[in-house]
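The primary structure of each chain is shown beneath.
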Amino acid sequence: MGRLGFLFVVVISLSISLVYSEPPDDDDAQNAQTFIVRVQNDLKPSAFSDVEQWYKATLRSLDSNPLNSETTITTPTPTQNSQEFLHVYRTVFHGFSAKLTPQQARQLETRPGVLAVLPDRLRHLHITRSPHFLGLSSGNPAGLLSESDSGSNVIIGIFDTGIWPERRSFHDEGLGPIPSSWRGQCVEGQNFTKAHCNKKIIGARYFAAGYEARKGGINSSEEFKSARDSDGHGTHTASTAAGRAVSNASFFGYASGVAVGVAPKARIAVYKICWKNGCTDSDILSAFDKAVEDGVNIISISVGGGAVPYNLDPMAIGAFGAMERGILVSASAGNEGPTKMTVTNVAPWMTTVGASTIDRRFRADLVLEDGRVINGARAGSFSAAICTAESLDEESVRGKIVVCDRGGNPRVAKGEVVKKAGGAGVVVANVPPVGEGLVADSHLIPGLAVTESARLTIREYINSSPNPRATMVFLGTEIGVKPAPVVASFSARGPSIESPYVLKPDVIAPGVNILAAWPDGVAPSELSSDTRRTEFNVASGTSMSCPHVSGVAALLKGAHADWSPAMIRSAMMTTAYSQDSEGKPLLDEKAYNVSTVWDWGRTRGSRESR
């Protein structure tokens, strides 16, 4: 690409925090919302044959008569306007979820047998060479892959946005019979039938009742009301954990080679818990309940929210119930780094996973006309200030490379804004506190990312030159990058707010520029204007590092069927290390200083000898 004019846009970045909110005080029935009710089942009155009858009677009484704190339900009381359950929980949690007014929720809190009434929070997703980088080689007859038969008798429950079952990563050729411990189902739904399950994808369920109670019905023209993935996140994480080997995989020529998951013979059970606008606690808890009943061995969940006490956190409670039944729960640490005390999913019985780089990058340089070279990162086939919609002056932008600061909208959306305004290229610049960390994005026009320090260099050049000009040079995939691994700048950091003396995250694993399977119906940039389609996509986040650890846990479980979740986590933490591939201390990508134990816990690593 030739030398082009340059436009620099200066912005103030915004920081948005997630807070835990109490239900509103307005008692109007129109303000009903979803609550999760935790019940002590052994206090069930003898008049009821089972707990569900007891729950129903309690809900019906709330519809017909507001009860005072001394009232106890002893017999069923039918009414014409009975409440319906969203979910009934029987395994990892005892109770139910339902839509209630705040007044009814307060009434329930006073009832004998009711342990807690919790607002149904909305959570969000934390959005291949990496198995080789982890030291997993199929050519080693004494290695963990061989010892565990690549996890063939282990079932990983993927809690995410669903799956695209037709991808080659999920074929079942050469797999043995489905493990006899499996008790689950392949639930049909929109564009998903029982025929989409096989000996690889052995089960599939979807959970939408809580989401629909909060957000309204699923729009079938935008997403599938089934286990089919209309987002991409779930397909990517499932194939990262347990995808079969696929030759000649790449993302438009980047990261070319064999794409394979960490535990390529492990069985996948799909639990779709997330939809277009998030994932509700009530649906997540129901997925935990079903996964334990179904017989999974590992649960992988790349979802998070703000920190709350464990006894008020349905996800922590569900994970505890799973752990009690011998199931390891691997969860993403969150992407709010490099700020301290941002780590999520911190319950001591969960394996909390942060993110690191690997020794691969997609190099793209910005060559300034004065000769200076700015190293960056890019991927892809080619507002005001932060380049948000309709914020750029077309006359100023046309034909130029536009430098946009991060913040305010997705990074790939900034390229879309520049393209619509007539710009020739986009440079997305890190702002404090992101620092020096880079991730690749699939821009619609020639684009790259630069570090916080490079942003200052570019800004100084533009301000000091009467005619600033630059050239973008795309250099493809580089292997053997050093230092590696380093702690990803975005990876959430400890200590935990809830338990500051419990080391979190537990480990870090590859989570930057990870190549994995992608749905056919979803653009790689996830922008509606992007008409490109690809079998594999590159993504970054602790969402990507979490399934790496889920896959390693599956291999350990396959090799040691009698190991408990604590033993598996202990094995991973005590065999991990705090040095990079050259034996030097792990660095923090934010400023390339030495990292701390609150950044990485212990890291799953980079050397074949491990």
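Along each chain, numbering runs from 1 in the same order as the chain's sequence is written. Per-residue local features are limited, in this predicted model, to residues with pLDDT of at least 70; the limit for side-chain atom pairs, both in listing and counting, is 80 or more; totals at the level of whole chains, interfaces and linings are taken over all residues. Side-chain metrics rest on all non-hydrogen atoms present in the structure, leaving aside hydrogens and water.

Quick look at the pairing of strand 10 (residues 254-259)
The line we're drawing: Strands are labelled as partners when DSSP assigns at least two bridges between them. Counting from the N terminus, the helices are the DSSP runs of H or I reaching at least four residues and the strands are the DSSP runs of E reaching at least two.
As paired strands, strand 9 (residues 246-251) and strand 10 are joined by 3 bridges and run antiparallel to one another. When the sheet's bridge partners are listed, alanine 249 is paired in strand 10 with glycine 257. The loop that links strand 9 with its antiparallel partner strand 10 comprises 2 residues; one of these, phenylalanine 252, has a positive phi angle of about 50°.

Here we look at unusual backbone geometry
Residue proline 485 follows alanine 484 across a cis peptide bond; omega there is -5°. Structurally, proline 485 can be placed in the loop between strand 22 (469-479) and strand 23 (507-510). Note that the residue after lysine 504, namely proline 505, is joined by a cis bond; omega there is 0°. Relative to the helices and strands, proline 505 resides in the loop between strand 22 and strand 23. A positive phi angle is found at serine 150, which is not glycine, with a value near 55°. At asparagine 513, a residue that is not glycine, the phi angle is positive and equals roughly 55°.

Some details on the side chain of serine 286
Condition: Contacts were defined at the residue level, with two residues in contact if any of their heavy atoms lie within 4.5 Å.
Looking at the element boundaries, serine 286 is found in helix 7 (residues 281-294). Beyond its immediate sequence surroundings of up to four residues, serine 286 is in contact with His87, Tyr89 and Phe207.

Quick look at the nonpolar core
For the record, the criterion: We define a nonpolar core as any set of buried Ala, Val, Leu, Ile, Met, Phe, Trp, Tyr and Cys residues linked to one another through side-chain atoms lying within 4.5 Å. Under the scheme applied here, a residue whose accessible area is under 20% of the maximum for its type counts as buried, over 50% as exposed, and between as partly exposed, the area being computed with a 1.4 Å probe on protein chains only.
Ranked by internal contacts, the top residues of the largest apolar core, which has 41 residues, are Phe159, Tyr271, Ile273, Phe288, Val296, Ile299 and Ile301. Looking at this core, the elements with two or more residues in it are strand 5 (114-119), strand 7 (155-160), strand 11 (267-272), helix 7, strand 13 (298-301), helix 8 (314-324) and strand 15 (328-332). At 6 residues, the largest contribution of residues to this core is made by helix 7. Residue contacts for valine 296: discarding those within four places in its chain leaves Ile155, Gly157, Trp182, Ala269, Tyr271, Ala291 and Ile327. By size, the runner-up hydrophobic cluster in this structure holds 35 residues, among which are Phe170, Phe192, Leu328 and Met573.

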